[in-house]
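# A closer look at the structure
Below are the chains, spelled out letter by letter.
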Amino acid sequence: MGARWALGVGPCVFVWALAAHLLWAQVQAQARGLAGRPATGGERGELLRRARRGWVWNQFFVLEEYTGLEPLYIGKLHSDMDRGDGSIRYILSGEGAGTMFTIDDGTGDIHAIQRLDREVKAQYVLRAQALHRQTGRPLEPESEFIVKIQDINDNEPKFLDGPYQATVPEMSVIGTSVIQLTATDADDPTYGNSARVVYSVLQGQPYFSVEPRTGIVRVSLADMDREVRENYTVIIQAKDMGGQLGGLAGTTTLNITLTDVNDNPPKFAQKLYQMSVPESAPVGSVVGRIRARDKDEGVNAEMRYTIIDGDGRDSFDIGTDPTNQFGIITIKKRLDFESKRSYTLKVEGANTHLDPRFLSRGPFSDVTIVHVSVEDVDEPPDFDAPSYLVEVPEDLEIGTVFKTVFARDPDVANNSIRYSIERASDPEKHFYIDITSGMLMTVQPLDREELAWHNITVLAMEMNNPSQIGSVSVTVRVLDVNDNAPELSQFNEAFLCESAKAGQLIQTVTAVDPDEPLGGQHFYYSLAPEAANNPNFTLRDNQDNSAWILTRRGGFSQLAQSVYYLPIFISDGEPPVQTGTGTLTVRVCSCDADGSVLSCNAEAYTLPVSLSRGALIAILACIFVLLVMILLILSLRSQRKKPYLSDEEENVHENIVRYDDEGGGEEDTEAFDIAAMWNPREAAAAAAAAGAAHTPLGKSRQDMLPEIESLSRYVPQACVGRGAGSSVHGYVLAKLREADGDPCAPPYDSLQTYAYEGAGSVAGSLSSLQSGGSGADHDYDYLSDWGPRFRKLAEMYGALESANPLW
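Residues numbered from 1 in each chain as written. Predicted model: local features only at pLDDT ≥ 70, side-chain atom pairs only at ≥ 80, totals over all residues. Heavy atoms only, no water.

## Overview of the side chain of Asp-541
- By the secondary structure assignment, Asp-541 is in strand β39 (residues 537–541).
- Separated by 3.0 Å, the side chain of Asp-541 and the backbone nitrogen of Tyr-525 make a polar contact.
- Engagement of the side chain of Asp-541 in a polar contact is seen with the backbone nitrogen of Gln-543, the distance being 3.0 Å.
- Among all residues touching Asp-541, those that are not within four sequence positions of it are Phe-523, Tyr-524, Tyr-525, Ser-546 and Ala-547. (Helix = DSSP H or I, 4+ residues; strand = E, 2+ residues; numbered from the N terminus. Polar contact = N/O pair within 3.5 Å; in protein donor to acceptor, adjacent residues only side chain to side chain. Contact = heavy atoms within 4.5 Å.)

## Quick look at the confidence of the model for the protein chain
- Summary statistics for the protein chain give a mean pLDDT of 77 and a share of 74% for residues scoring 70 or more.
- Contacts of residues 644–655 to residues separated by more than four positions or lying in other chains number 18 contacts, the stretch itself having pLDDT below 50.
- Residue range residues 801–807 is modelled with pLDDT below 50. Its contacts to residues more than four positions away, or to other chains, number seven contacts. (pLDDT = per-residue confidence, 0-100.)

## So, the pattern of salt bridges
- Taken as a whole and judged by the stated rule, the model has 17 salt bridges.
- One salt bridge connects Arg-226 with Glu-297, and the closest N-O pair in it is separated by 3.7 Å. Pair noted here: Arg-226 is in the loop between β14 (216–219) and β15 (231–239) and Glu-297 is in the loop between β20 (292–293) and β21 (303–309), with a separation of 71 residues, a long-range link.
- Taking relative accessible area as the criterion, Glu-297 reaches 42% and is therefore assigned partly exposed. (Salt bridge = Lys/Arg side-chain N within 4 Å of Asp/Glu carboxyl O. Buried < 20%, exposed > 50% of the residue type's maximum accessible area, 1.4 Å probe, protein only.)

## What to know about the sheet that holds strand β12 (residues 198–203)
- What the four strands build is an open sheet, ordered β10-β16-β15-β12; its pairing is mixed. Either end of the sheet is taken by a strand with one partner, and the two such strands are β10 (164–169) and β12. Averaged over neighbouring strand pairs, the angle between their axes works out to 35° when direction is ignored. (Pairing = 2+ DSSP bridges. Axes fitted to C-alpha atoms, helices over the stretch in contact; angles between N-to-C directions.)

## Comments concerning the sheet that holds β14
- The strand order across the open sheet built from three strands is β11-β14-β13, with neighbouring strands paired in antiparallel fashion. For this open sheet the edge positions go to β11 (177–180) and β13 (208–210), each flanked by a neighbour on one side alone. Each adjacent strand pair in this sheet contributes to an overall mean axis angle of 20°, direction not counted.
- Sheet analysis places β13 next to β14, joined by three bridges and oriented antiparallel.

## Section: the state of the cysteines
- Inspection of the entire model under this criterion finds two disulfides.
- Cys-589 shares a disulfide with Cys-600; S-S distance 1.7 Å. Across the S-S bond of Cys-589 and Cys-600 the torsion is about 105°, and the bridge reads as right-handed. Taken as a pair, Cys-589 in strand β42 (residues 579–591) and Cys-600 in the loop between β43 (597–599) and α3 (613–641) lie far apart in primary sequence, eleven residues in all. An identical accessibility class is assigned to Cys-589 and Cys-600; each is buried.
- By sequence-ordered numbering of the bonded cysteines, the protein chain has its disulfides arranged as 1-3, 2-4. (Disulfide = S-S within 2.5 Å.)

## Describing unusual backbone geometry
- Put simply, Gln-205 and Pro-206 share a cis peptide bond, and its omega is 10°.
- Among the structural elements, Pro-206 can be located in the loop between β12 and β13.
- A cis amide bond links Pro-575 to the next residue, Pro-576, at an omega of -15°.
- Position of Pro-576 relative to the elements: it lies in the loop between β41 (563–571) and β42.

## Points about the pairing of strand β34 (residues 469–479)
- Across seven bridges, strand β27 (residues 387–393) lies against β34 in parallel orientation. Along β34, the bridge assignment pairs Val-390 with Val-476.
- Examined bridge by bridge, strand β33 (residues 453–462) and β34 share nine bridges and lie antiparallel to one another. For Ala-460, the partnering residue across the bridge sits in β34 and is Gly-470.
- In sequence, β33 turns back onto β34 through a hairpin of six residues.

Structure, rendered in structure tokens:
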């Protein structure tokens, strides 16, 4: 017999190895049976050669999850060529070789060196080869074999999507399907019962059950009511090994919610509701709310309220609040306590969505009674009409009563009423109303052409309660009366060429009349009686509210007569007939050959028709420039009359010396000359008195040199009274001593102000505060008489202006 591989098996899989060996022996026997007939040497050699390379082939089987301390023996590889002398070396390659599996290269024993998990990898494909140890020459061709991991029950069933949520309608019949649950077992479903799962209920009975094989959860208790209990927690178990003892189990939680069905009718909490409403409540206001409670929810609890009976069906209405399912009672018609003081309503509340399966539990509606009381309110007076429209002619006599309004107190007390007109509605006070009778009359003439409509508001007030005031609108339409004479509408002036012929049309005249007769305007024209025999012009009435003015002759001349006045008589023809006379001014003008006006004597502003647009624009531009120049000259003239004071001039006029430098204190002699306010006659005496009265001023002050000379020295000495100068001198000197002797006073080089006006002035007052004139221009010509020192002041006030203006 030729050499061959022999695969040994581990003791754990002896049965499988034996079956595989028998299967291999059967295959060899069939091969020998085919070779039983005489064979040639070639065939025999081929057969022997194949037998020499042949394997004793089988699969290896090993249990998963081996946890022993020693490597797990899987099987043995052996070649027929192995004589046991160690000349053959076995090599293992393929999946897991060297990491998961090892081989003893001398004996061919295969071991697993790591724990195997079928759920991670179910089989490994390996390759084996026998080599000559010394030469490394393959003694057998490399061949593959498989190591299959045999399953054990090491994985419990798992609900991968748990916990679960499910709903089922309440009142469902027994057997109603709720949900199907599926547990997954990672073990081999083809080997034994490790992956055969059986379902059961651990918690949730007797309400729900589960089919053991399919995992379908069903209702197991009839008439479960959501209004009693809404949520259920069911624990489902999945156990492998067909549920037998020793199997592994997994659980999950199923939360089941009962959904609502319309199985409960609505019920009112009360059989009688009492409500009240004031009679003054407007239409549409809410009286009250009622509610029929329904244990159901959502659309199953939606309600519709209706008033099915009662004496208030015409006065009240009811609607449904869709959010809270309230019945809202509102006022449908205005209430009156004096007419009816209470109402009774029979209200029904009914579900809008019915379930045919539960109609036997009905009726799904309920009825209640609502009693509404009307409360008395002190109401304002009520007029007998919501508004009044009155038409009066515009020639209505003053004091004529044209309408009587009536109002009454709607309350039981029936208080007396007083009438008045709201002043804001009749600002011109055209109307008057009698305070007790409500008679409206006119107190001023009405003129339709001035105001055709009057909208007045009449007030009615209760005597006993002035706060209760009713009002009504009275619209007065003023009807037209033919009380206005017609007059010429336009073209009161016409132009006539000197070359005009007899019968030539000069002007078409029309009339206007502010009246509006119903039949429309119809005007009749003629020359006034005093011009009926006019030899120059005639009038033709066109019978269409217009008339033509025609010439009776030719040969008109500006030199003979340049203007003609033609009186035109107009009648409107409506009773009472109104007539008017208008004057048409006809100017005789020189015209060119085409009849265009060139000149109309003194009326030079009349431009020829043939004047170009450019020439007209140039004339208007010249006029505009001339107007601007005139306005500019007037503006300059008015400004010259206003005194413009510079800093220095203002100091002279107001007798104030400006002091701009910081100075040197009390020894500063350039700052301020108080002597400028003294009378020259009293200057020496005042200085001497100051030196005698005030010891600190023993020497003359050198810090009081004037910047300008005193104005008073140029005033004629005869005009200055001694008393006035002494008064100023004494007052100022006293103030000066007071300032010098006060240690808390500011330094001398500061401005000291004294509110002393003096006892008089020879020049008089220049102020306009005490002037007797009211806004008239003052005459300042006397300033020129004061000498050259006042020349600047006289120029500022225009006293030296030229007497000849520019315009």
